[in-house]
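# Per-entry structural report
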Amino acid sequence: MMLALRAMLFYAAYAISTVVWATLALLVCWMMPLPTRHWFVVGLWTRFVLWWLRITCGIRVNAQGIENIPDVPCIFFVKHQSTWETLWVQTLRSPQVTLVKRELLRIPFWGWAYSLLRSIAIDRSNPRQSLRQLVDGGTDRLADGADVTLFPEGTRLPPGQTGRYHRGVAALAIKSGAPIVLIAHNAGHRWPPRKLIKQPGTIAVEIAEPIPTEGKKTNEIMDICSARMAEMMARLEP
């Protein structure tokens with residue numbers, strides 16, 4: 001019961017802050033350059049949410065390998081277990097653009113504000129068109145100096161499960177020449193998908209050294225990413 005009450009307290013401020021911050025962003029951020037816009041719209045808000053999560057639900061983070069993030073724009077290849085990583089990864093660097101379902105940008109307040117960040121919005125009912133949008137849009141964003149954040153499993157999976165990694169990440173890497181940075185974590189143990197109660201404790205994160213992609217083929221890139229992610233997750237979830 002206490003964990004449920006703490007979770008409800010977290011979500012109350014989460015919802016209020018979303019409406020307030022999104023409204024403020026819509027009023028002032030459209031005139032800002034993208035790096036400042038990302039920092040203001042997402043960077044500050046996610047830092048508040050993660051701080052409030054620590055206060056109310058007792059969830060902290062221990063991240064290893066942040067120094068591995070390169071100085072050049074890269075593709076973040078993120079394990080997808082929870083809502084937590086979609087927030088935390090936005091604090092790593094500005095600007096970032098994220099691959100999202102087109103319908104998410106229609107969500108009142110949050111979606112309207114997020115549309116200011118040049119996100120790559122795709123129609124998942126048309127896989128061929130979605131791949132083209134990812135590759136063309138992602139290459140354009142990387143060339144403009146933004147990182148591209150992808151959750152290649154496509155959906156949140158419980159701890160211990162691994163989905164099929166979508167090959168769009170390799171297609172984007174081949175066309176853009178950008179390195180891939182793997183981000184593994186065990187957030188599903190603390191913030192389980194589709195559940196109210198959150199478990200106090202520390203989320204472990206491991207960020208790998210960049211994987212160079214120039215001159216590699218799609219299958220080679222996917223094999224490397226899959227094998228390394230499996231190694232990292234084995235360390236975080238023995």
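Here is a short report on the structure shown in this document. (Residues numbered from 1 in each chain as written. Predicted model: local features only at pLDDT ≥ 70, side-chain atom pairs only at ≥ 80, totals over all residues. Heavy atoms only, no water.)

### Brief notes about the sheet that holds strand 7 (residues 201-207)
Across the sheet, seven strands lie side by side as 1-7-6-2-5-3-4; this open sheet has mixed pairing. Every other strand in the sheet has two partners, leaving strand 1 (59-64) and strand 4 (120-122) as the edge strands with one partner each. The average angle at which neighbouring strand axes cross in this sheet is 20°, direction not considered. Sheet topology note: the strand 2 (residues 75-78)/strand 6 (residues 180-185) ladder contains four bridges and is parallel. (Pairing = 2+ DSSP bridges. Helix = DSSP H or I, 4+ residues; strand = E, 2+ residues; numbered from the N terminus. Axes fitted to C-alpha atoms, helices over the stretch in contact; angles between N-to-C directions.)

### Observations concerning the packing of helix 5 (residues 127-143) against helix 6 (residues 168-176)
Taken N-terminus to C-terminus, the directions of helix 5 and helix 6 make an angle of 45°; their axes are 9 Å apart at the nearest point. Here helix 6 runs oblique to helix 5, going by the angle between their axes. The way helix 5 lies across helix 6 gives a crossing that is right-handed. Across from Leu131, Leu134, Val135, Asp136, Gly138, Thr139 and Leu142 in helix 5, the residues of helix 6 making contact are Gly168, Val169, Ala171, Leu172, Lys175 and Ser176. Along the lines of polarity and charge, the residues of the contact of helix 5 with helix 6 split into seven nonpolar, four polar and two charged. (Parallel < 35°, antiparallel > 145°, perpendicular 65-115°, else oblique. Left-handed = near helix turned anticlockwise from the far one by under 90°. Contact = heavy atoms within 4.5 Å. Nonpolar A, V, L, I, M, F, W, Y, C, P; charged D, E, K, R; others polar.)

### Section: a nonpolar patch on the surface
Together, Met1, Met2, Leu5, Met8, Leu196 and Ile197 make up an exposed nonpolar region whose accessible area comes to about 620 Å². Among the structural elements, Ile197 can be located in the loop between strand 6 and strand 7. (Patch = residues over 30% accessible without salt bridge, like charges linked within 9 Å, V, L, I, M, F, W, Y side chains within 5 Å. Areas by Shrake-Rupley, 256 points an atom, 1.4 Å probe, with all protein chains shown as cover. Salt bridge = Lys/Arg side-chain N within 4 Å of Asp/Glu carboxyl O.)

### Some thoughts on the packing of aromatic side chains
Counted by the stated rule, this structure contains eleven aromatic pairs. Summarising the aromatic geometry, the rings of Trp21 and Phe40 are spaced 5.2 Å apart at their centres and angled 25° between planes, so their arrangement reads as stacked. Residue Trp21 is found in helix 1 (residues 2-28), and its partner Phe40 is found in helix 2 (residues 34-57); the two are separated by 19 residues along the sequence. A residue is classified by how much of its surface remains accessible, and Phe40, at 14% relative accessible area, is buried. A ring pair is formed by Trp51 and Trp52, whose centres lie 5.9 Å apart and whose planes are at 40°; its orientation type is tilted. The class of Trp51 is partly exposed, set by a relative accessible area of 40%. Its relative accessible area of 18% is what places Trp52 among the buried residues. (Phe/Tyr/Trp six-rings, centres within 6.5 Å; stacked < 30°, edge-to-face > 60°. Buried < 20%, exposed > 50% of the residue type's maximum accessible area, 1.4 Å probe, protein only.)

### Some details on the nonpolar core
Most often, soluble globular proteins keep nonpolar side chains buried together rather than apart. Of all hydrophobic cores here, the largest spans 28 residues; its most connected members are Ile75, Phe77, Ile180 and Leu182. Those elements that provide at least two residues to this core are strand 2, strand 4, helix 5, strand 5 (147-150), helix 6, strand 6 and helix 7 (218-236). Counting residues per element, this core draws most heavily on helix 7, at seven residues. The next biggest cluster of nonpolar side chains, apart from the first, holds 26 residues, and it includes Leu92, Phe151, Val181 and Ala187. (Core = buried A, V, L, I, M, F, W, Y, C linked by side-chain atoms within 4.5 Å.)

### Details of the environment of Leu117
With respect to the helices, strands and loops of the structure, Leu117 is situated in the loop between helix 4 (110-114) and strand 4. With a relative accessible area of 1%, Leu117 lands in the buried category. The sequence separation of Leu117 and Val42 amounts to 75 residues, and the corresponding C-alpha distance is 8.9 Å. In this view, Leu117 contacts Leu34, Arg37, His38, Val41, Val42, Gln96 and Val97; residues no more than four positions away in its chain are not counted.

### Here's the deal with helix 1
Helix length check: helix 1 (27 residues) gives 39 Å between terminal C-alpha atoms against 39 Å at 1.5 Å per residue, within 8%. Residues of helix 1 that are buried sit in contact with helix 2 and helix 4. (Expected span 1.5 Å × (residues − 1).)

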